[in-house]
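# Per-entry structural report
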Amino acid sequence: AQSVTQPDARVTVSEGASLQLRCKYSYSGTPYLFWYVQYPRQGLQLLLKYYSGDPVVQGVNGFEAEFIKSNSSFHLRKASVHWSDSAVYFCAASGYGNEKITFGAGTKLTIKP
Amino acid sequence: EAGVTQSPRYAVLQEGQAVSFWCDPISGHDTLYWYQQPRDQGPQLLVYFRDEAVIDNSQLPSDRFSAVRPKGTNSTLKIQSAKQGDTATYLCASRRDSYAEQFFGPGTRLTVL
């Protein structure tokens, strides 16, 4: 069965510190991979996506993620977080054609001053 | 370009009552999705359409939930007899064509008392 696992329900980091949010997937073949962000009472916004090619993909607001096929992982990183990065982050995957997306449970990120 | 719009933004019901959610996708997007997002969980696909046709409604509780997209533009999701377990945010998303990203609306937050 296809699944996406985000092992950390909550992460707290200090402003200015680096960040890594973990994501592992279980998918037949090579999936398309995504990170979305959800601010309070808003819909999901796409941060970045990986379809093929360079395994390190750049997204908006300084976020990046690395696809590691051998580890079935697609972790999200940021070198220096800002208080406005506080939100819930979802890792997601889909099969070829990007028809249906499977989401992880999400990681709630809190930035402390 | 206007984003995906949804109404109402909030709904509070007693068990057994009916409710309808409305979604207006981005103009020109042929594929429309409805997701259910329980509190502190990721979105879970309920049903999706390409134009006016239902492509997959396998996760829609068919005895109480229904969804239509009669002209291939706006869509309505209806819950006939709500249960407390239906308490969640209902998200609508649309996309232009195959391989394109999904764009999400702000959601309707439903509380069933």
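Look above for the structure.
Everything in this summary refers to the structure shown in the same document. (Residues numbered from 1 in each chain as written. Chains lettered and ligands numbered in written order. Predicted model: local features only at pLDDT ≥ 70, side-chain atom pairs only at ≥ 80, totals over all residues. Heavy atoms only, no water.)

## Digging into the overall build of chain B
This is how it is decided: Only runs of H or I of at least four residues qualify as helices and only runs of E of at least two qualify as strands under DSSP, and these elements are numbered from the N terminus. In this description the radius of gyration comes from C-alpha coordinates, and the expected globular size is given by 2.2 Å times residues to the power 0.38. The cut-offs for exposure are 20% and 50% of the maximum accessible area for each residue type, with area from a 1.4 Å probe on protein chains only; residues under the lower value are buried, those over the upper are exposed, and the others partly exposed. Every residue pair with non-hydrogen atoms within 4.5 Å of one another is taken to be in contact. Residues counted as positive are Lys and Arg, residues counted as negative are Asp and Glu, and His and the chain ends are not counted. Where a charge lies is defined by one atom per residue type: Lys uses NZ, Arg uses CZ, Asp uses CG and Glu uses CD.
When its secondary structure is counted, chain B shows zero helices and 11 strands. Reading chain B from its N end, one meets helices and strands in the order β-β-β-β-β-β-β-β-β-β-β. For chain B, whose C-alpha radius of gyration is 13 Å, the value lies close to the compact-globule estimate of 13 Å for 113 residues. Across the 113 residues that make up chain B, the buried fraction comes to 48%. Long-range pairs, those at least 24 residues apart, make up 53% of the contacts in chain B with a sequence separation of at least 6. Taking the average place of the 11 positive charges on the side chains of chain B and the average place of its 12 negative ones, the gap between the two points comes to 4 Å.

## A closer look at the environment of B:Tyr90
All names here are of chain B. Note the cut-off: Pairing of N or O atoms within 3.5 Å defines a polar contact, subject to two protein rules: one partner must be a possible hydrogen donor and the other a possible acceptor, and residues neighboring in sequence count only if both atoms are side-chain atoms.
By secondary structure assignment, the location of Tyr90 is in strand E9 (residues 88–95). A sequence separation of 69 residues divides Tyr90 from Phe21, and the C-alpha atoms of the two residues are 8.2 Å apart. A distance of 2.9 Å separates the side chain of Tyr90 from the side chain of Gln36, its partner in a polar contact.

## Focus: the packing of aromatic side chains
Put simply, the rule is: Pairing of aromatic side chains here covers Phe, Tyr and the six-membered ring of Trp, requires ring centres within 6.5 Å, and sorts the geometry by plane angle: under 30 degrees stacked, over 60 edge-to-face, intermediate tilted.
Summed over the entire model, instances satisfying the criterion amount to 17 aromatic pairs over all chains. With 5.6 Å between their ring centres and 80 degrees between their planes, A:Tyr36 and B:Phe104 make a pair best called edge-to-face. With one member in each of two chains, A:Tyr36 in strand E5 (residues 32–38) and B:Phe104 in strand E10 (residues 103–104) form a pair that bridges those chains. Note on A:Phe63 and A:Tyr89: the rings are 5.6 Å apart at their centroids and 45 degrees apart in plane angle, and the pair reads as tilted. Residue A:Phe63 is found in the loop between strand E7 (56–58) and strand E8 (64–68), and its partner A:Tyr89 is found in strand E10 (residues 87–94); the two are separated by 26 residues along the sequence. Grouping residues by exposure puts A:Phe63 and A:Tyr89 together as buried.

## With respect to unusual backbone geometry
In this structure, B:Pro8 follows B:Ser7 across a cis peptide bond, with omega equal to -10 degrees. Within the element layout of this structure, B:Pro8 appears in the loop between strand E1 (5–7) and strand E2 (10–13). Although it is not a glycine, A:Asn61 adopts a positive phi angle of roughly 55 degrees. Among the residues examined, A:Asn61 registers a relative accessible area of 53% and is labelled exposed. Located in the positive-phi region is A:Ser72, a residue other than glycine, with phi close to 50 degrees. Within the fold, A:Ser72 resides in the loop between E8 and strand E9 (73–78).

## Quick notes on the pairing of E8(A)
Residues and elements named next belong to chain A. Counted only if it meets this: We treat two strands as partners when DSSP finds at least two bridges between them.
A one-sided burial pattern is seen for E8, the buried positions being Ala65 and Phe67 and the unburied ones Glu64, Glu66 and Ile68. Summarising the sheet, E7 and E8 pair through three bridges and their orientation is antiparallel. Across the sheet, the residue bridging to Val56 is Glu66, located in E8. Count of turn residues in the E7/E8 antiparallel hairpin: five residues, of which Asn61 carries a positive phi of about 55 degrees. When E8 meets E9, the two strands line up antiparallel, connected through five bridges. When the bridges of E9 are listed, Phe67 appears paired with Phe74. What sits between the antiparallel neighbours E8 and E9 is a turn of four residues, in which Ser72 has the positive phi angle 50 degrees.

## Focus: the interface of chain A and chain B
Just so we agree on the cut-off: Defined in terms of a 1.4 Å probe, buried area is the accessible area two parts forfeit on being brought together, summed over both. Salt bridge, as used here: a side-chain nitrogen of Lys or Arg that lies within 4 Å of a carboxyl oxygen of Asp or Glu.
Listed per partner, the contact involves 20 residues of chain A and 24 residues of chain B. In total, about 1,700 Å² of surface goes out of reach between chain A and chain B, with carbon and sulfur atoms giving 46% of it. When residues of chain A are sorted by the area they lose upon contact with chain B, A:Arg41, A:Glu99 and A:Lys100 head the list and together hold 32% of the total. At the boundary of chain A and chain B, one finds three salt bridges. With a closest N to O distance of 2.5 Å, B:Arg95 and A:Glu99 form a salt bridge. Where chain A packs against chain B, one counts seven residue pairs in polar contact (both at pLDDT 80 or more). Looking at the side of chain A that touches chain B, the elements with two or more residues in it are E5, strand E6 (44–50) and strand E11 (101–103) of chain A.

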